[in-house]
Amino acid sequence: MSDTLTKELKLTREDFTSDQEVRWCPGCGDYSILAQMKKVLPELGIPKENFVFVSGIGCSSRFPYYVDTYGIHGIHGRAPVIASGIKIANPDLKVFVITGDGDGLSIGGNHFIHLCRRNIDITVVMFNNRIYGLTKGQYSPTSERGKITKSSPYGTVENPFNPVEMALASGATFVAKTIDREPKHLAEMLRRAAEHKGTSFVEVYQNCPIFNDGAYSPVTDPKRKRENVVIMEHGKPYVFGQNNDKALNWSGNDFEIIDIEPEKPPKDLIVHDEHAGRPALEFMLVSMTFNPDLPTPIGVFRDIKEDTYEDLLIRQIDFVKEQKGEGDLEQLLNSGKTWVVE
Amino acid sequence: MSKKELQELKRVTIRFAGDSGDGMQLTGGQFSDSTALAGYDLITLPDYPAEIRAPAGTLFGVSGFQIQFSSEPVHTPGDTPDVLVAMNPAALKVNLKHMKDNAILIINTDAFTKRNLELAKYESNPLEDGSLKGYQVFPVNITTLTREALKDSPLSVKDKDRCKNFFALGMTYWMFSREMDTTIEWIEEKFKNKPELAEANKKALNAGYSYALATEIFTTHFKVPRAKKKPGKYRNITGNEAIALGLITAAKKANKELFLGSYPITPASEILHELSKYRHYDVKTFQAEDEIGGIGSALGASYTGALGVTTTSGPGIALKSEFMGLAVMVELPLVIVDIQRGGPSTGLPTKTEQADLLQVMYGRNGEAPIPVIAAYSPADCFRAAFEACEVALKFNMPVVLLSDGYIANGAEPWRIPAVENIPEIKVEYVTKSDDYKPYERDPETLARYIALPGTPGLEHHIGGLEKDESGNVSYVPENHDKMVRIRAEKVERVGNYVKEPELMGKDSGELLVISWGSTYGTIYNALEEIWQEYDNVSWYHLRWVNPLPKALGKIIKNFKKVLVPEINLGQLVKIIRAEYLVDAKSFNRVRGLPLQTGEVVEAIKTTLKG
Ligand code: SF4
């Protein structure tokens, strides 16, 4: 969106602050996401009345109340379908879905994958705390196997989903991952997702200090995170480490870690390409998430241009109108074999 | 049947039956169209197997199409057919028991092979063992005659055999003095890219006609006087087509885009198919990933100011119920169409039933009342769909439209309304306000005032949690009590706005029959019969089942007895008993079929005596 438009709109963070009292637990990662969202919204160049936030049920799903825009707090797992109806019926609106790991991947998993597949222009932000918070601490579809929770006192025997993998596999055209404790990166990912045309998906690692505290400490703890996180940037090699002294190298069939001199990195390092749309490479990157020997990648996995559902639909409508003319009710009611009774 | 008898015939019911692959639905459809064009009133009943391709020749693979036509108003497809066209032994076996005594049976003898007789579970050939005594049997070697007629055609034998339904149709056209033009036009249009098929089907049709004419195998042909229908322009229409047109008309009259969110399900899918054709009428159809997605997207569309509709059958309603509750809570207009079928569970997908009434009335958590309107015939579906939209838009709430498999697939002539005579639907939104409260209401209808997303300055939230007038979430006990009552009262107020049905018969008497939905035709016929003998029976057919007509309580008091015939185990009767503390009796048959006139007459007589 153009800067001039943003200036004309003169929106600020305060414009998006609602009068509702925020009711997340103290220290919850959700606060950071809300703060960055309110920072990003005025920068998008979109009139405030055109934003719609749709959510399901869960801690994350209270989000719409806390931004002063149009919003629907719906039912569990179903935000993607409400949002789809909104966007298809009125493509002028900028529609967000705010969801969590339980809401989006468990009860709402089916809607989530179909939204991605259709590439409707909706931005999905998934707060992944790997636990059920609102129902007070059961394991979620992203909880690691063996996790001990109220509903798994002996540890879960289930494998977790990787949300980014799901979004990529389902065909979302923008897929990114970020962390609640990295406000700048978080804001950047939210902004890019919001600006993307098509289904955009951002997974946010979100700490739940009440029921799953420290779930992400390896990637958020200031002492360790530089070793454990690689920030993907378009056109740049995958450099990480406390002193930027490590990089990922492509061995031909896998990523491996090599030591580099930060000042003189080797010229032939593989560089990140968000627009490549090469599933094999994208999936290799995601798979590092659960690999204890490799760093967790954050940033944009995929950013590709494809026709959106609503654009194709509108084109189809225009085409049919061109072929058949604007629909005439009189003609419709009187179509088929008719006869007159005098 | 002698010539004299035939001339007295006022109404005829004919049934075409054969294998699923024999094209019986098509044959029946063509017969209906030319019958309608010839000026008769009629109702049709397609009856097809649930299996897509049932094995040929089997009993469960029999596909039938029944039509009753008359010079007088027709209200049902007929209980017992006068004429059966049976294309194979299975078709004869399945249908014979429904036929009138002395009915005409036109039978394709070529299909009565040993193998087919076995498949139909006949121990001996009914054409030879005398078991068809008491019927007028016309054995015709239809397959052979069709091949003979097409001997110069380049088609394969298999393709030639597929034309035999047109031969049979040709015979019936002669029998009932029909013109063949419409069917010939239809064939030409249908096969315009396959001239050899068009040619063959036309030949078969003509050959059947000429065969009947030349051989005089039928003693004579029927002459049924033409119907005196209300003047106007007519077309044949099925219930599902009529719903599609009703929805488009309502959207146009409300100056709105129509959004259908739906998931394929028998017997509702035709509405999705039909609406998907009309992109140039500003209709957006969205085939969702499931039933829940269907209703959810429709509600989302309604939120932006479109007319949101979802269509389904009973199993789909079960899945949609949580969203129906949300629609009650957020108070947005939404039309939920339920084409009932046999249940529970998957039940009888292609058969009819009225057993979703209590589900749509009460099948939700919490106090979640929704107005319910029931269509009573195929053509009436147009008006019912329009009215459902009107109420949804006027009161800003979900409305359920009930139809069923019988009227969804059945067809009858529909008097096409003039567009200018259909009322506009006025819808208003809040566009400016210094103090917008999302749950502030119109004092008359109690509809909340809606501001659409995109309206500057009126940003607000709605959702499934209980709210107070300002739209803020509220757990205050008194507020919840108040809101629950307001939502119920709003449904009641629909009664101030819609037209109440008229009582048929005298204002007071011995017995009041109360009914709803597609039983209308059968009960109409039953009452006609009853009224020839009794003058103390009246009839009240509901259109809105929720809210119930205000007059009903008073009407009931004027009768000693109440009888409620339904195709379920007694659902409306429960509501009537609870609402009016009356010892209403119920008459039920739940066979997946419409009620029969005779049995309703019997039930009325028994109740009168009892
Ligand atoms: S339970 Fe956890 S996720 Fe939910 S608000 Fe509290 S801290 Fe946040």
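All figures in this text were calculated on a predicted structure; none of them were measured in a lab. (Residues numbered from 1 in each chain as written. Chains lettered and ligands numbered in written order. Predicted model: local features only at pLDDT ≥ 70, side-chain atom pairs only at ≥ 80, totals over all residues. Heavy atoms only, no water.)

Trainee: Would you mind going over the overall build of chain B with me for this structure?
Mentor: Check the secondary structure of chain B and you find 21 helices and 20 strands. In terms of overall dimensions, chain B is globule-like: its C-alpha atoms have a radius of gyration of 26 Å, near the 25 Å expected for 610 residues. Each principal axis of the C-alpha distribution contributes one length, and for chain B these read about 85 × 60 × 45 Å. Relative to its full complement of 610 residues, chain B shows a buried share of 62%. Nonlocal contacts in chain B, meaning residues at least 24 apart in sequence, comprise 76% of its contacts between residues at least 6 apart. Accessible surface computed for chain B: about 24000 Å², of which carbon and sulfur atoms make up 51%. Between the centroid of the 71 positive side chains of chain B and the centroid of its 77 negative side chains there is a distance of 2 Å. (Helix = DSSP H or I, 4+ residues; strand = E, 2+ residues; numbered from the N terminus. Rg over C-alpha atoms; globule rule 2.2 N^0.38 Å. Buried < 20%, exposed > 50% of the residue type's maximum accessible area, 1.4 Å probe, protein only. Contact = heavy atoms within 4.5 Å. Areas by Shrake-Rupley, 256 points an atom, 1.4 Å probe, with all protein chains shown as cover. Lys, Arg positive; Asp, Glu negative; His and termini not counted. Charge placed at Lys NZ, Arg CZ, Asp CG, Glu CD.)

Trainee: For this particular structure, what's the right way to read the pairing of strand β2 (residues 41-47) of chain B?
Mentor: Consecutive side chains along a regular strand alternate between the two faces of the sheet. Residues and elements named next belong to chain B. Counting buried residues along β2, seven of its seven residues qualify, which places the element largely inside the surrounding structure. Side chains of β2 alternate between two faces, with Asp-41, Ile-43, Leu-45 and Asp-47 and Leu-42, Thr-44 and Pro-46 buried alike. Summarising the sheet, β2 and strand β3 (residues 62-70) pair through seven bridges and their orientation is antiparallel. Within the sheet, the bridge partner assigned to Leu-42 lies in β3 and is Phe-69. (Pairing = 2+ DSSP bridges.)

Trainee: Honestly, the side chain of Ser-84 of chain A in this entry has me stumped. Any pointers?
Mentor: Topologically, Ser-84 of chain A is positioned in helix α4 (residues 79-89). From its side chain, Ser-84 of chain A meets the backbone oxygen of Pro-80 of chain A in a polar contact 2.7 Å long. Dropping the residues within four chain positions of it, Ser-84 of chain A is found in contact with Leu-115, Ile-120 and Ile-122 of chain A together with Phe-286 of chain B. (Polar contact = N/O pair within 3.5 Å; in protein donor to acceptor, adjacent residues only side chain to side chain.)

Trainee: Would you explain the packing of helix α2 (residues 24-37) of chain B against helix α7 (residues 164-175) of chain B in this entry?
Mentor: In helix packing, the relevant descriptors are the interaxial angle and the interaxial distance, both defined with respect to the helix axes. Residue and element names in this part refer to chain B. Interhelical geometry of α2 versus α7 gives an angle of 30° and a closest axis separation of 10 Å. Relative to α7, α2 is oriented roughly parallel. Once α2 is placed against α7, the crossing between them reads as right-handed. Contacts between α2 and α7 involve Met-24, Leu-26, Thr-27, Gln-30, Phe-31 and Ser-34 from the first element and Asn-165, Phe-166, Leu-169, Thr-172 and Tyr-173 from the second. Residues belonging to the contact of α2 with α7 are distributed by class as follows: six nonpolar, five polar and no charged. (Axes fitted to C-alpha atoms, helices over the stretch in contact; angles between N-to-C directions. Parallel < 35°, antiparallel > 145°, perpendicular 65-115°, else oblique. Left-handed = near helix turned anticlockwise from the far one by under 90°. Nonpolar A, V, L, I, M, F, W, Y, C, P; charged D, E, K, R; others polar.)

Trainee: It is not clear to me how the confidence of the model for chain B should be interpreted in this structure. Could you clarify?
Mentor: Keep in mind that low pLDDT regions are not for reading the predicted coordinates in detail. Residues and elements named next belong to chain B. For chain B, per-residue confidence averages 94 on the pLDDT scale, and residues scoring 70 or more make up 97% of the total. Within the model, pLDDT remains below 50 along residues 1-8, and this stretch shows 11 contacts once partners closer than five positions in the same chain are excluded. Listed scores for the predicted complex are pTM 0.93 and ipTM 0.96. (pLDDT = per-residue confidence, 0-100.)

Trainee: When you look at helix α7 (residues 163-170) of chain A in this model, what are you seeing that I'm missing?
Mentor: In an α-helix there are 3.6 residues to a turn, and that puts residues three or four apart on one side. Residues and elements named next belong to chain A. Of all eight residues in α7, six are buried, a share of seventy percent or more. Residues of α7 that are buried include every one of Pro-163, Val-164, Met-166, Ala-167, Leu-168 and Ser-170, and no others. Where α7 begins, the capping side chain belongs to Asn-162, and its oxygen is found 3.2 Å from the backbone nitrogen of Val-164. Phi turns positive one or two residues past the end of α7, at Gly-171, with a value near 100°.

Trainee: What is the right way to read the UniProt feature "domain: Thiamine pyrophosphate enzyme TPP-binding" (unreviewed entry) in chain A from this model?
Mentor: As annotated in UniProt, the feature "domain: Thiamine pyrophosphate enzyme TPP-binding" (unreviewed entry) corresponds to residues 57-204 of chain A in the numbering used here. Taken end to end, residues 57-204 of chain A comprises 36% helix and 20% strand; its first and last C-alpha atoms sit 17 Å apart. (UniProt positions renumbered as here; feature names shortened; annotations may be inferred.)

Trainee: What's the story with the nonpolar core in this structure? I'm lost.
Mentor: Generally speaking, a soluble globular protein has its nonpolar side chains buried in company with each other. Judged by nonpolar contacts, the single largest core of 106 residues is most densely connected at Val-54 and Ile-86 of chain A together with Phe-323, Ile-514 and Leu-572 of chain B. Each of two domains, domain 2 (235-421) and domain 3 (509-608) of chain B, supplies a minimum of three residues to this core. When sequence neighbours within four positions are dropped, the list of residues in contact with Leu-572 of chain B reads Leu-357, Ile-514, Ser-515, Trp-516, Leu-542, Val-545, Val-564 and Glu-566 of chain B. In terms of nonpolar packing, the next biggest core, distinct from the first, is built from 60 residues, Leu-329 of chain A together with Val-335, Val-337 and Ala-375 of chain B among them. (Core = buried A, V, L, I, M, F, W, Y, C linked by side-chain atoms within 4.5 Å. Domains from an automatic or database assignment.)

Trainee: Help me understand the environment of Val-337 of chain B in this model?
Mentor: Residues and elements named next belong to chain B. Of note, Val-337 is situated in strand β11 (residues 334-340). Judged by relative accessible area, which is 0%, Val-337 ranks as buried. Residues Val-337 and Ile-271, spaced 66 residues apart in sequence, show a C-alpha to C-alpha distance of 9.6 Å.

Trainee: What is the right way to look at the interface of chain A and chain B in this model?
Mentor: Interface size is commonly expressed as the accessible surface area that is lost when the partners come together. Facing the 56 residues of chain A at the interface are 67 residues of chain B. Carbon and sulfur atoms supply 63% of the area that chain A and chain B bury against each other, a total of about 5400 Å² over both sides. Contact with chain B buries area across many residues of chain A, yet Tyr-70, Leu-333 and Trp-339 of chain A alone supply 17% of it, more than any other trio. For the pair chain A and chain B, the interface holds three salt bridges. Of the charged contacts in the structure, one is a salt bridge between Lys-321 of chain A and Asp-282 of chain B, with a shortest N-O distance of 2.9 Å. Viewed at the interface, chain B and chain A are joined by 31 residue pairs in polar contact (both at pLDDT 80 or more). Looking at the side of chain A that touches chain B, the elements with two or more residues in it are α3 (63-66), β2 (70-73), α4, α6 (109-118), α12 (309-324), α13 (329-333) and β12 (338-341) of chain A. (Buried area = accessible area lost by both parts, 1.4 Å probe. Salt bridge = Lys/Arg side-chain N within 4 Å of Asp/Glu carboxyl O.)

Trainee: Would you mind showing me how to read the sheet that holds strand β8 (residues 258-262) of chain B here?
Mentor: In any sheet, the strands associate via hydrogen bonds between backbone groups, in a parallel or an antiparallel arrangement. Residues and elements named next belong to chain B. Taken together, seven strands build an open sheet; the order of strands is β9-β8-β10-β11-β13-β12-β18 and the sheet is mixed. Only two strands of the sheet have a single neighbouring strand rather than two, namely β9 (283-287) and β18 (544-546). Recorded for the sheet is a direction-independent mean angle of 20° between the axes of neighbouring strands. Judged from the seven bridges that link them, β11 and strand β13 (residues 398-404) form a sheet pairing that is parallel. Bridge pairing in β13 places Leu-334 opposite Pro-398. Its contacts with the sheet put helix α13 (residues 314-330) on β10 (307-312), β11 and β13, and the angle it makes with β11 is roughly 160°. With respect to the sheet, helix α15 (residues 380-395) is in contact with β10, β11, β12 (372-374), β13 and β18, its orientation differing from that of β13 by roughly 170°.

Trainee: Help me understand the site of the ligand, please; the structure alone is not making it clear to me.
Mentor: Around the ligand sit Trp-24, Cys-25, Cys-28, Cys-59, Asn-129, Gly-133, Gln-206, Cys-208, Pro-209, Ile-210 and Phe-211 of chain A, and those are all the residues in its vicinity. Across the shell around the ligand, the residue classes tally to eight nonpolar, three polar and no charged. (Near = heavy atom within 4 Å.)

Trainee: Before we go on, may I ask you to explain the sheet that holds strand β10 (residues 255-259) of chain A in this structure?
Mentor: All names here are of chain A. Ordered in space as β8-β9-β10, the three strands form an open sheet in which the pairing is antiparallel. The two strands at the open ends of the sheet, each matched to only one other strand, are β8 (239-240) and β10. With five bridges connecting them, strand β9 (residues 246-250) and β10 associate as antiparallel partners. Directly across from Trp-250, in β10, lies its bridge partner Phe-255.

Trainee: What exactly am I supposed to notice about the packing of aromatic side chains here?
Mentor: To describe a pair of aromatic rings, you give the distance between the ring centres and the angle between the ring planes. Summed over all chains, the structure comprises 30 aromatic pairs over all chains. Measuring from ring centre to ring centre gives 4.9 Å for Trp-24 of chain A and Tyr-66 of chain A, while their planes differ by 85°; the resulting arrangement is edge-to-face. Highlighted residues: Trp-24 of chain A in the loop between α1 (3-9) and α2 (30-40) and Tyr-66 of chain A in helix α3, separated in sequence by 42 residues. Between Trp-339 of chain A and Tyr-234 of chain B the ring centres are 6.0 Å apart and the planes differ by 20°, which places this aromatic pair in the stacked class. Here the residue Trp-339 of chain A occupies a position in strand β12, and Tyr-234 of chain B occupies one in strand β7 (residues 232-238), the pair thus bridging two chains. (Phe/Tyr/Trp six-rings, centres within 6.5 Å; stacked < 30°, edge-to-face > 60°.)

Trainee: Please clarify how the pattern of salt bridges should be interpreted in this entry.
Mentor: Two side chains of opposite charge can pair, provided their charged atoms sit close to one another. The tally for this structure, following the rule as stated, stands at 53 salt bridges over all chains. Salt-bridge contacts for Arg-192 of chain A lead to Glu-274 of chain A; the nearest nitrogen and oxygen are separated by 2.9 Å. With Arg-192 of chain A in helix α8 (residues 183-195) and Glu-274 of chain A in the loop between β10 and α11 (279-287), the pair connects residues that are 82 residues apart, well separated along the chain. Assessed through its relative accessible area of 4%, Glu-274 of chain A is described here as buried. Measuring nitrogen to oxygen at the nearest pair gives 2.8 Å for the salt bridge that ties Arg-147 of chain B to Asp-161 of chain B. Of this pair, Arg-147 of chain B sits in helix α5 (residues 142-149) while Asp-161 of chain B sits in helix α6 (residues 157-161), and the two are 14 residues apart along the sequence. A relative accessible area of 16% means that Asp-161 of chain B is categorised as buried. Three or more residues joined by partner-sharing salt bridges are found here, namely Lys-321 and Glu-326 of chain A together with Lys-252 and Asp-282 of chain B.

Trainee: Would you mind showing me how to read the state of the cysteines here?
Mentor: The bond known as a disulfide is covalent and runs between the sulfur atoms of two cysteines. Evaluated as defined, the whole model comprises zero disulfides over all chains. Cys-389 of chain B supplies the cysteine sulfur nearest to Cys-381 of chain B, a cysteine that is in no disulfide, at a spacing of 13 Å. (Disulfide = S-S within 2.5 Å.)

Trainee: Looking at this model, I keep getting lost on the domain arrangement of chain B. Mind explaining?
Mentor: All names here are of chain B. As assigned here, chain B comprises domain 1 (5-223), domain 2 (235-421) and domain 3 (509-608). For domain 1 and domain 2, the distance between their C-alpha centres works out to 34 Å. The partner domain 2 presents nine residues to the 17 residues of domain 1 that form the contact. The junction of domain 1 with domain 2 conceals about 1000 Å² of combined surface from both sides, 52% of it contributed by carbon and sulfur atoms. On the domain 1 side of the contact with domain 2, Ile-43, Thr-44 and Tyr-48 bury the most area, a combined 40% of that side's loss. Here Asp-47 ties to Lys-351 by a salt bridge, and the two come within 2.6 Å at their closest N and O atoms. Our count for the contact surface shared by domain 1 and domain 2 stands at six residue pairs in polar contact (both at pLDDT 80 or more).

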